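Report on the structure
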Amino acid sequence: MPQTRFTEHALEQVGYRLHLSREELAQLLEDNKYVPLGRDGSSNRMHKLFYSEPDSYWFVAVQDEATGEVVTV
């Protein structure tokens, strides 16, 4: 998979919703520390459930597996 990148929208959501930095979230995704929930129809967008320790809460990242781009959290 390509290196993790973030859309502007995803960066806004990370800043708004998480106490993790974008670098920490990227590392979680690149280390496969998530539960795959499924794809958006016929697209390459995978929903990935991950746990944020600083927030003590679960979140879902939607990531395009072809480009590595996180489109939202």
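Residues numbered from 1 in each chain as written. Predicted model: local features only at pLDDT ≥ 70, side-chain atom pairs only at ≥ 80, totals over all residues. Heavy atoms only, no water.

1. A word on the pattern of salt bridges
All told, the structure shown has four salt bridges when counted by the stated rule. As a salt-bridge pair, Arg 5 and Glu 69 come within 3.7 Å of each other at their nearest N and O atoms. Of this pair, Arg 5 sits in strand S1 (residues 5-6) while Glu 69 sits in strand S5 (residues 69-72); the two residues are 64 residues apart in sequence, bridging distant segments of the chain. Among the residues examined, Glu 69 registers a relative accessible area of 25% and is labelled partly exposed. Salt-bridge contacts for Arg 39 lead to Glu 65; the nearest nitrogen and oxygen are separated by 3.2 Å. Note that Arg 39 is positioned in strand S2 (residues 35-39) and Glu 65 in the loop between strand S4 (57-64) and S5, a separation of 26 residues in sequence. For Arg 39, a relative accessible area of 44% corresponds to the partly exposed category. (Salt bridge = Lys/Arg side-chain N within 4 Å of Asp/Glu carboxyl O. Helix = DSSP H or I, 4+ residues; strand = E, 2+ residues; numbered from the N terminus. Buried < 20%, exposed > 50% of the residue type's maximum accessible area, 1.4 Å probe, protein only.)

2. Some details on the nonpolar core
In this structure, Phe 6, Leu 18, Leu 25, Phe 50, Val 70 and Val 73 are the most contacted members of the largest nonpolar core, which totals 15 residues. Of all elements in the fold, only helix H1 (8-17), helix H2 (22-30) and S4 reach the threshold of two or more residues within this core. Residue contributions to this core peak at four residues, all from H2. Those residues in contact with Phe 6 that sit more than four places away from it in its chain are Leu 11, Val 14, Arg 22, Leu 25, Ala 26, Glu 69 and Val 70. (Core = buried A, V, L, I, M, F, W, Y, C linked by side-chain atoms within 4.5 Å. Contact = heavy atoms within 4.5 Å.)

3. Remarks on the pairing of S5
Consecutive residues of a regular strand have side chains that alternate between opposite faces of the sheet. As judged from the two bridges shared by S1 and S5, these two strands associate in the parallel manner. Paired with Arg 5 across the two strands is Glu 69, which belongs to S5. When S4 meets S5, the two strands line up antiparallel, connected through two bridges. What sits directly across from Val 62, in S5, is Thr 72. Linkage of S4 to S5, two consecutive antiparallel strands, is achieved through a turn of four residues, within which Gly 68 is found at a positive phi near 85°. (Pairing = 2+ DSSP bridges.)

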